[in-house]
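# Chain and residue survey
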Amino acid sequence: DNGPERIMYNIFEKYGHDGSAQYRGCKRDNWDGGHRIPFFVRWPSVIPAGSKSEEVICLTDLMATAAAITDQTLPGTVGEDSVSILPVLTGAKLTTPLREAVVHHSSKGFFAIRQGEWKLLLHDGSGGNKYPDVVTGDIQLYNMAADEAETTNLAEQHPEIVQRLAKLMKKYVLVGRSTTGVPQRNDAEDLWHQLRRVKRMEK
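The sections below set out a description of the structure shown in this document. As the structure is a prediction and not an experimental result, all values here were calculated from the model.

## Notes on the sheet that holds strand 4 (residues 140-143)
- Strand order in the open sheet formed by 4 strands is 1-2-3-4, and the pairing between neighbours is antiparallel. Of all strands in the sheet, those with a lone pairing partner are strand 1 (102-105) and strand 4, marking the two edges. Taking each pair of neighbouring strands and ignoring which way they run, the sheet shows an average axis angle of 20°.
- Relative to strand 3 (residues 118-121), strand 2 (residues 111-115) runs antiparallel, the two sharing 4 bridges. Each bridged residue has a counterpart across the sheet, and for Ile113 the counterpart in strand 3 is Leu120.

Spelled out as structure tokens, the structure:
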């Protein structure tokens, strides 16, 4: 499951154990404390013991991966956001990331998108739990390589990155998927409203 429960804050105060480690937020939030989880695989004779990868993947990738492992072809109308991670599991040398981007979704229907080291949140706050003392901008942009705790909002300093990621999210909405394949119907009124926040930043 993704992210520890909010009781983690009480546990930290009482025992000094931080359930989200260095990441911000918890379950229901769009910050990485609510989404980032470890992924372990054991596959003797295929995956060397102790090996690791920095590839960013998503649980949605399990469908395409299982299909690739079992030599099945997915219909073009399913697995809209599933990318096979079999090349990473088998140690293939990649010149580009497996995924173009990863889309995050909070418990309250707010979206975020990550591409490489950059993560754009199309909302203020966590998108999930309420943190009365936390002040963010209407749009949040974080460099996850330099700031994995998501403490420094760089949206105003890098409007070009905000626009690039928002444009990519809009493309996913229009085609109803983040992978190649048959375009799918997408009911995304809430997301259109969130993307309009980016337009307001331009004015």
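Having seen the model, we can carry on.
## Quick look at helix 2 (residues 61-69)
- Looking only at helix 2, the buried set comprises Asp61, Ala64, Thr65 and Ala67. Projected onto a plane normal to the axis of helix 2, the buried residues spread over an arc of 160° and lie on a single side.
- On the buried face of helix 2, the contacting elements are helix 3 (86-89).
- Two residues or fewer past helix 2, Asp71 is found with a positive phi of approximately 60°.

## Some remarks on the pattern of salt bridges
- Taken as a whole, this structure holds 7 salt bridges when the rule is applied.
- For Asp32, the salt bridge is made with Lys119, and the minimal N-O distance between the two is 2.8 Å. Here Asp32, found in the loop between helix 1 (8-15) and helix 2, pairs with Lys119, found in strand 3; they are 87 residues apart in sequence, far enough to count as distant. Across the pair, exposure class does not vary: Asp32 and Lys119 are buried alike.
- Taken together, the salt bridges that share partners define one network made up of Asp32, Arg36, Lys119 and Glu150.

## Overview of the packing of aromatic side chains
- The tally for this structure, following the rule as stated, stands at 2 aromatic pairs.
- Plain terms: the ring middles of Tyr9 and Tyr131 are 6.1 Å apart, the flat faces sit at 80° to each other, and that makes the pair edge-to-face. Pair noted here: Tyr9 is in helix 1 and Tyr131 is in the loop between strand 3 and strand 4, with a separation of 122 residues, a long-range link.
- The exposure class assigned to Tyr131 is buried, which follows from its relative accessible area of 16%.
- Taken together, a centroid distance of 5.6 Å and an interplanar angle of 45° make the contact between Trp31 and Tyr131 tilted. Here Trp31, found in the loop between helix 1 and helix 2, pairs with Tyr131, found in the loop between strand 3 and strand 4; they are 100 residues apart in sequence, far enough to count as distant.
- Three or more aromatic residues joined by ring pairs form one cluster here, namely Tyr9, Trp31 and Tyr131.

## Digging into the nonpolar core
- With 21 residues, the main nonpolar core has Ile113, Leu120, Leu122 and Leu141 as its most contacted residues.
- For this core, the element with the most residues is helix 4 (residues 159-175), which contributes 8 residues.
- Among the nonpolar cores identified, the runner-up in size contains 8 residues, and Met8, Cys26, Leu121 and Met144 belong to it.

## So, helix 4
- Across its 17 residues, helix 4 extends 24 Å between first and last C-alpha, which sits within 8% of the 24 Å expected from 1.5 Å per residue.
- Every buried residue of helix 4 is listed here: Ile161, Val162, Leu165, Ala166, Leu168, Met169, Tyr172 and Val173. Across the axial projection of helix 4, the buried residues extend over an arc of 155°, all falling on one side. Among the exposed residues of helix 4, those oriented more than 90 degrees off its buried face are Lys167 and Leu174.
- A positive phi of about 70° marks Gly176, the residue just after helix 4.

Rules behind the numbers
- Residues numbered from 1 in each chain as written.
- Predicted model: local features only at pLDDT ≥ 70, side-chain atom pairs only at ≥ 80, totals over all residues.
- Heavy atoms only, no water.
- Pairing = 2+ DSSP bridges.
- Helix = DSSP H or I, 4+ residues; strand = E, 2+ residues; numbered from the N terminus.
- Axes fitted to C-alpha atoms, helices over the stretch in contact; angles between N-to-C directions.
- Buried < 20%, exposed > 50% of the residue type's maximum accessible area, 1.4 Å probe, protein only.
- Arc of directions from axis to C-beta.
- Contact = heavy atoms within 4.5 Å.
- Salt bridge = Lys/Arg side-chain N within 4 Å of Asp/Glu carboxyl O.
- Phe/Tyr/Trp six-rings, centres within 6.5 Å; stacked < 30°, edge-to-face > 60°.
- Core = buried A, V, L, I, M, F, W, Y, C linked by side-chain atoms within 4.5 Å.
- Expected span 1.5 Å × (residues − 1).

These figures capture arrangement, not role.
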